[in-house]
Amino acid sequence: MTAKPFDDFRTLLATLPPADAAAETRVRTLFAKADKPKASLGRIEDVAAWLAAWSGRAPPAVNRPLVAIFAGNHGAVRHGISPRPVSATANAVELCAAGGAAINQICIANDLGLKVFDLALDIPTGDITEEAALDERGCAATMAFGMEAVAGGADLLCLGDLGVGNSTIAAALSAALFGGKGSDWVGPGSGADTAMMARKAEAVDRALAFHGAGLGDPLEALRRVGGREFAAICGAILAARMQKIPVLLDGFVATAAAAVLHKAYPSAIDHCLLASLSPEPGQAKVAERLGLEPMLDFAVSHGEGVGAGLAAGLVKAAALTSSGMAAAVRVQPAPRS
């Protein structure tokens, strides 16, 4: 049989490396030995142990954190599902490049690297209400492109997105993966009023009806009702897993993309933490189904990976807390006989 573009990804999903249980145990043991009340640091201890488990380093360290933002445009925007014009995506990319976006300032504050990927913004994906967003070859190629996000090296990957209308696409993808209708998953996005939210729900329902049984496979759902930024995020998550890079997810789009991998192979996103929870109701529903508890809940719906950039500061603090307390444990004098 002739190999299909998704075949390599299906094989990869079935052969992902596991966590380093020994590294995680070492970190938890060091915290237990530290001169402090048991579990007094709460989730900071859990984050440090998670970081060790998926980086293989105990105590863990974060020296090359990276924010990767994927930007895409969508054909379904023509149905009036966003208060912003399609051109706003490219404008946001340019603002990031010029250093004037919110994420630029957060990266400076937390000493994070930043990469922004323009995913053919001049060629929107297909209108999901009447055609597939991408063909299989194009979707697989975009996933492969997303894998290149960590090619220059990183030890913590923060994933974000830019894309006019992509909260509707995230709603459609979530409905395809978990069931329900458009009104169960759509939200205000970047400021939709009641009438616009009704159009968003209608667009999702039309997409679900058009693609029907073709949505039963998670990767097929990704290409049919997803988009380029969703596919690229999937690829980045997989590449990070292969290279022992823990991942922070930000926003509805990244969470929905991660859900594709989870549906295809449940342990595929075990190396991911949810950085923040946006006001978009669909994200909370997906997070619950994935068993992800947000690190932050600042009601940030800005996009750009802002939530992940903020949470990265906490991850860095957890790593330093672990290593610093481990050093203190090692230099403690032996008890007198």
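Residues numbered from 1 in each chain as written. Predicted model: local features only at pLDDT ≥ 70, side-chain atom pairs only at ≥ 80, totals over all residues. Heavy atoms only, no water.

### What about the overall build of the protein chain?
Helix and strand counts for the protein chain come out as 14 helices and 5 strands. For the protein chain, the C-alpha radius of gyration of 20 Å lies close to 20 Å, the compact-globule estimate for 337 residues. For the protein chain, the spread of C-alpha atoms along the principal axes amounts to about 80 × 50 × 35 Å. Here the protein chain holds 337 residues, and 54% of them are scored as buried. Here the analysis covers contacts within the protein chain between residues at least 6 apart in sequence; of these, 80% occur between residues at least 24 apart. Summing over all exposed atoms, the protein chain offers an accessible surface of approximately 13800 Å²; the carbon and sulfur share of this is 55%. Charge separation in the protein chain, taken as the distance between the mean sites of 29 positive and 33 negative side-chain charges, equals 7 Å. (Helix = DSSP H or I, 4+ residues; strand = E, 2+ residues; numbered from the N terminus. Rg over C-alpha atoms; globule rule 2.2 N^0.38 Å. Buried < 20%, exposed > 50% of the residue type's maximum accessible area, 1.4 Å probe, protein only. Contact = heavy atoms within 4.5 Å. Areas by Shrake-Rupley, 256 points an atom, 1.4 Å probe, with all protein chains shown as cover. Lys, Arg positive; Asp, Glu negative; His and termini not counted. Charge placed at Lys NZ, Arg CZ, Asp CG, Glu CD.)

### Considering helix H3 (residues 43–55)
End to end, H3 covers 18 Å across 13 residues, agreeing with the expected 18 Å (1.5 Å per residue, within 8%). In terms of burial, H3 is largely enclosed, as 10 of its 13 residues are buried. Buried residues of H3: Glu-45, Val-47, Ala-48, Ala-49, Trp-50, Leu-51, Ala-52, Ala-53, Trp-54 and Ser-55, and no others. Directly beyond the C-terminal end of H3, a positive phi value near 80° is found at Gly-56. (Expected span 1.5 Å × (residues − 1).)

### Brief notes about the nonpolar core
Of all hydrophobic cores here, the largest spans 74 residues; its most connected members are Phe-70, Met-143, Leu-157, Leu-159, Leu-222 and Leu-249. With 10 residues, the top contributor of residues to this core is helix H11 (residues 228–242). Those residues in contact with Leu-249, other than ones at most four positions away along the chain, are Leu-159, Ile-237, Ala-254, Ala-258, Cys-272, Leu-273, Leu-274, Ala-275, Ser-276 and Leu-292. Judged by nonpolar contacts, the second largest core, of 39 residues, contains Ala-53, Val-93, Cys-96 and Leu-162. (Core = buried A, V, L, I, M, F, W, Y, C linked by side-chain atoms within 4.5 Å.)

### Describing the pattern of salt bridges
One pass over the structure, following the stated rule, counts 10 salt bridges. When the shortest N-O distance is used, the salt bridge between Glu-24 and Arg-28 registers 3.4 Å. In this pair, Glu-24 and Arg-28 both sit in helix H2 (residues 21–33), 4 residues apart, roughly one turn of the helix. On the basis of relative accessibility, which here comes to 27%, the residue Glu-24 falls in the partly exposed class. Residue Arg-28 is classed as partly exposed on the basis of its relative accessible area, which comes to 37%. With a shortest N-O distance of 3.1 Å, Glu-130 and Arg-78 are connected by a salt bridge. Of this pair, Glu-130 sits in the loop between strand E2 (113–118) and helix H6 (136–147) while Arg-78 is found in the loop between strand E1 (65–71) and helix H4 (87–98), placing the two residues 52 residues apart along the sequence. A relative accessible area of 41% places Glu-130 in the partly exposed class. Via salt bridges that share partners, Glu-24, Arg-28 and Asp-46 belong to a single interconnected network. (Salt bridge = Lys/Arg side-chain N within 4 Å of Asp/Glu carboxyl O.)

### Observations regarding the packing of helix H12 (residues 251–264) against helix H13 (residues 281–290)
Where H12 meets H13, the axes come as close as 9 Å, and the angle between the chain directions of the two elements is 30°. By the angle between their axes, H12 is roughly parallel relative to H13. Judged by the twist between their axes, the crossing of H12 over H13 is left-handed. Across from Gly-251, Phe-252, Thr-255, Ala-259 and His-262 in H12, the residues of H13 making contact are Gly-282, Gln-283, Val-286, Ala-287, Arg-289 and Leu-290. (Axes fitted to C-alpha atoms, helices over the stretch in contact; angles between N-to-C directions. Parallel < 35°, antiparallel > 145°, perpendicular 65-115°, else oblique. Left-handed = near helix turned anticlockwise from the far one by under 90°.)

### What about the state of the cysteines?
Summed over the entire model, instances satisfying the criterion amount to 0 disulfides. Just so you know, Cys-139 is unpaired, no disulfide at all, and the nearest cysteine sulfur is the one on Cys-234, 7.6 Å from it. The class of Cys-139 is buried, set by a relative accessible area of 0%. (Disulfide = S-S within 2.5 Å.)

### What to know about the confidence of the model for the protein chain
With 96% of its residues at a pLDDT of 70 or more, the protein chain has an overall mean of 93. Of the regions scoring below 50 in pLDDT, residues 333–337 engages in 0 contacts with residues more than four places distant in sequence or in other chains. (pLDDT = per-residue confidence, 0-100.)

### Some remarks on the environment of Ala-32
You can see Ala-32 is positioned in helix H2. When the C-alpha atoms of Ala-32 and Cys-139 are compared, they prove to be 46 Å apart, with 107 residues separating the residues in sequence.

### Points about the environment of Lys-285
Tracing the sequence through the fold places Lys-285 in helix H13. Note: C-alpha distance between Lys-285 and Ser-174 (111 residues apart in sequence) is 9.0 Å. Apart from residues lying up to four places away in sequence, Lys-285 is in contact with Asp-184 and Trp-185.

### Here's the deal with helix H7 (residues 166–178)
With 13 residues, H7 extends 18 Å between its outermost C-alpha atoms, agreeing within 8% with the 18 Å of an ideal straight helix rising 1.5 Å per residue. Among the 13 residues in H7, 12 count as buried, and that is most of the element. Taken together, the buried positions of H7 are Asn-166, Ser-167, Thr-168, Ile-169, Ala-170, Ala-171, Ala-172, Leu-173, Ser-174, Ala-175, Ala-176 and Leu-177. Immediately downstream of H7, the backbone of Gly-179 shows phi near 90°, a positive value.

### Notes on the pairing of E1
Looking along a regular strand, one sees the side chains alternate between the two faces of the sheet. Summarising burial for E1: 7 of the 7 residues are buried, a large majority. Side-chain alternation along E1 places Pro-65, Val-67, Ile-69 and Ala-71 on one buried face and Leu-66, Ala-68 and Phe-70 on a second face that is also buried. Of the strand pairs in this sheet, E1 and strand E3 (residues 156–162) are connected by 7 bridges, and their pairing is parallel. Looking at the pairing, Ala-68 lines up with Leu-159 of E3. (Pairing = 2+ DSSP bridges.)

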